[in-house]
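Breakdown of the fold
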Amino acid sequence: MVPRLGVLLGPPRQDGTEVRKTRIEPADDTPGLAVAYVYTPTPPPPTVAITSVTPDDGVAE
């Protein structure tokens, strides 16, 4: 659970909800992917929802 995977996007929220972006590295004939997701700790159980999956352009932030 800690540290979470990816880069935090936006300011922290008081309720603990986080929006993050991470990268899946390319392999063989598979392109790299950028994945955005939302983590919500409440109500229990904590939940993760993938919000987008896009081809990764390889540009560092």
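For the structure itself, consult the block above.
Residues numbered from 1 in each chain as written. Predicted model: local features only at pLDDT ≥ 70, side-chain atom pairs only at ≥ 80, totals over all residues. Heavy atoms only, no water.

**A few points about the sheet that holds strand 2 (residues 18–24)**
- One open sheet holds the four strands; their spatial order is 1-2-3-4, and the pairing between them is antiparallel. Either end of the sheet is taken by a strand with one partner, and the two such strands are strand 1 (7–9) and strand 4 (47–55). Pairwise comparison of adjacent strand axes, ignoring direction, gives a mean angle of 30 degrees for this sheet. (Pairing = 2+ DSSP bridges. Helix = DSSP H or I, 4+ residues; strand = E, 2+ residues; numbered from the N terminus. Axes fitted to C-alpha atoms, helices over the stretch in contact; angles between N-to-C directions.)

**Comments concerning unusual backbone geometry**
- Residue Pro43 is bonded to the preceding Thr42 through a cis peptide linkage, with omega at -5 degrees.
- Within the secondary structure layout, Pro43 lies in the loop between strand 3 (33–40) and strand 4.
- With an omega of 0 degrees, the peptide bond between Pro44 and Pro45 qualifies as cis.
- Non-glycine residue Asp28 carries a positive phi angle of around 50 degrees.
- Tracing the sequence through the fold places Asp28 in the loop between strand 2 and strand 3.

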